[in-house]
Amino acid sequence: MSAAPRFGKVATGVAQKQLEAFGQSTPGVVSAVLLSADGFEVASLQVGKSGAERLAAMGSSLGAIGSAIAKEAGIVECNRMIIEADSGTVVIMHVPDAKPPMSLAIVANGASVLGQLLWAARNCCSAIGRAFRE
Amino acid sequence: MSGADSEFKIVFTGPMGVGKTTAIAAISDEAPVSTDVFNTDREAFDKALTTAGLDYGHIALDDGTAVRLYGTPGQARFRFMWDILGLNAAGVIVLIDASQSDALVQLDHFVDAFGSGKRTPIVIGVGRLDHAGAPPLDAFSQRLETRGLTLPVFGVDVRRRPDVLLLVDTLLCLIETADPTRLTA
Ligand SMILES: Nc1nc2c(ncn2[C@@H]2O[C@H](COP(=O)(O)OP(=O)(O)OP(=O)(O)O)[C@@H](O)[C@H]2O)c(=O)[nH]1
Ligand SMILES: [Mg+2]
């Protein structure tokens, strides 16, 4: 069940190009999925269909739980969530001002440098957000 | 926790839009934790928000029992959350929307996903029975019986606190009869 038409062909195409540029210019990126807040894949990089669907659903659950915890703690906006393990990193980053609301989930390996990864991801999210601002 | 004589974790589950979030909000002592997000799938169910993570509420009953109330997302893509939330649950409330054409199939699906009442007690709440063309309440019990399952089935409106409390009370009775040691544990 592909949800792609719901998200606008042109904006989705822009997002796909942004993801590819992000993957090429950022060391250690294993895969990435742009997902709607309710867990549908919008665009993806270096991941098969079922993997992308799973990462989209899990990324949206994590994002939603992260926001609830931030709210509970009195922090208004949860911009990103980072899961660090010895062998890699998962980042869920909010795409600013996108309609409908979206996040980017990134899986990176040990070759990545967190600061660089976050900086590149934020630029990627800003560009994607502009494409989905209608 | 909070000096309660006993505390139970129970899980509300069922398909999208059946009213899991509404049911927990109807009975929770405090405003529940919500992880509802913008719903882009208006074809599946036409409403503004849908639960992507979980619902969480809490209720202290008159007899000193405390109940932690968890709600799952409804869509199959969030199935991994069903497993996470089902872990260590003392009981499960399956909500079904009788106005949906696949209501009986959904019943099978969710009852099976949470162990068919064999691992963990299950109570069924069926909503929107007054909808034109909805199967009668009996059809839901019979559906379970044809599969050798005898589970309590109630017609409910999850927006009404007494209806949701009836489901919770029934489930707690089942939990206590299933495992009397839990009461003192
Ligand atoms: N008219 C009518 N509305 C109902 C009835 N039961 C529930 N509702 C409404 O149906 C909606 C259910 O929405 P939610 O509580 O978000 O449902 P949910 O099961 O949490 O949905 P997801 O999180 O998306 O899976 C609410 O707006 C309720 O008020 C009923 O018997 N009649
Ligand atoms: Mg819900």
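Placed above this text is the structure.
In this report, the structure presented in the accompanying data block is examined. (Residues numbered from 1 in each chain as written. Chains lettered and ligands numbered in written order. Predicted model: local features only at pLDDT ≥ 70, side-chain atom pairs only at ≥ 80, totals over all residues. Heavy atoms only, no water.)

## Structural notes on the packing of aromatic side chains
Step number 1: All chains considered together, the criterion is met by three aromatic pairs over all chains.
Step number 2: Taking 5.1 Å as the distance between ring centres and 55° as the angle between the ring planes, the aromatic pair formed by Y56(B) and Y70(B) counts as tilted. Within this pair, whereas Y56(B) is found in strand 4 (residues 55-60), its partner Y70(B) is found in strand 5 (residues 65-71), the two being separated by 14 residues in sequence.
Step number 3: A relative accessible area of 23% places Y56(B) in the partly exposed class.
Step number 4: Looking at Y70(B), the relative accessible area reads 16%, which means it is buried.
Step number 5: Considering the side-chain rings of W82(B) and F110(B), the 4.7 Å spacing of their centres and the 40° angle between planes classify their relative orientation as tilted. Of the two residues, W82(B) is situated in helix 2 (residues 79-86) and F110(B) in helix 3 (residues 103-113); the sequence distance between them amounts to 28 residues. F110(B) carries the same exposure label as W82(B), and that label is buried.
Step number 6: Aromatic ring contacts, followed pair by pair, group W82(B), F110(B) and F114(B) into a single cluster.
Step number 7: Cation over ring: R6(A) sits above F40(A), and NZ or CZ is 4.3 Å from the ring centre. (Phe/Tyr/Trp six-rings, centres within 6.5 Å; stacked < 30°, edge-to-face > 60°. Helix = DSSP H or I, 4+ residues; strand = E, 2+ residues; numbered from the N terminus. Buried < 20%, exposed > 50% of the residue type's maximum accessible area, 1.4 Å probe, protein only. Lys NZ or Arg CZ within 6 Å of the ring centre and 35° of its normal.)

## Side note on the coordination of the magnesium ion (ligand 2)
Residues and elements named next belong to chain B.
Step number 1: Looking at the magnesium ion (ligand 2), one finds its protein donor set to be T21 (OG1) and T51 (OG1), positioned 2.0 to 2.1 Å from the metal centre. Of the two residues, T21 is situated in helix 1 (residues 20-27) and T51 in strand 3 (residues 49-51); the sequence distance between them amounts to 30 residues.
Step number 2: Residue T21 is classed as partly exposed on the basis of its relative accessible area of 25%.
Step number 3: In this structure T51 comes out as buried when scored by relative accessible area, which is 6%. (Donors = N, O, S within 2.8 Å, 3.2 Å for Na, K, Ca; no water.)

## Quick look at the sheet that holds strand 1 (residues 29-36) of chain A
Residues and elements named next belong to chain A.
Step number 1: Within the open sheet, the five strands sit side by side as 2-1-5-4-3. Their pairing is antiparallel. A strand with exactly one partner marks an edge of an open sheet, and here the two such strands are strand 2 (41-45) and strand 3 (80-85). Strand-to-strand, the axes of this sheet are offset by a mean angle of 10°, without reference to chain direction.
Step number 2: Where strand 1 lies against strand 5 (residues 102-109), seven bridges are found, and the strand directions are antiparallel. Pairing of S31 across the sheet is with V107, part of strand 5. (Pairing = 2+ DSSP bridges. Axes fitted to C-alpha atoms, helices over the stretch in contact; angles between N-to-C directions.)

## Describing the pattern of salt bridges
Step number 1: The tally for this structure, following the rule as stated, stands at 12 salt bridges over all chains.
Step number 2: Among the salt bridges present, the one from K49(A) reaches E53(A), with a minimum N-O distance of 3.0 Å. Taken together, the residues span about one helical turn, with K49(A) and E53(A) both in helix 2 (residues 49-72) at a distance of four residues.
Step number 3: The class of K49(A) is exposed, set by a relative accessible area of 53%.
Step number 4: Across the pair D108(B) and R143(B) runs a salt bridge, and its minimum N-O distance is 2.8 Å. (Salt bridge = Lys/Arg side-chain N within 4 Å of Asp/Glu carboxyl O.)

## Some words on the environment of L171(B)
All names here are of chain B.
Step number 1: Mapped onto the elements of the fold, L171 is located in helix 5 (residues 161-178).
Step number 2: Taking relative accessible area as the criterion, L171 reaches 0% and is therefore assigned buried.
Step number 3: For the pair L171 and I122, spaced 49 residues apart in sequence, the C-alpha separation works out to 6.9 Å.
Step number 4: Apart from residues lying up to four places away in sequence, L171 is in contact with I10, G91, V92, I93, P121, I122 and V123. (Contact = heavy atoms within 4.5 Å.)

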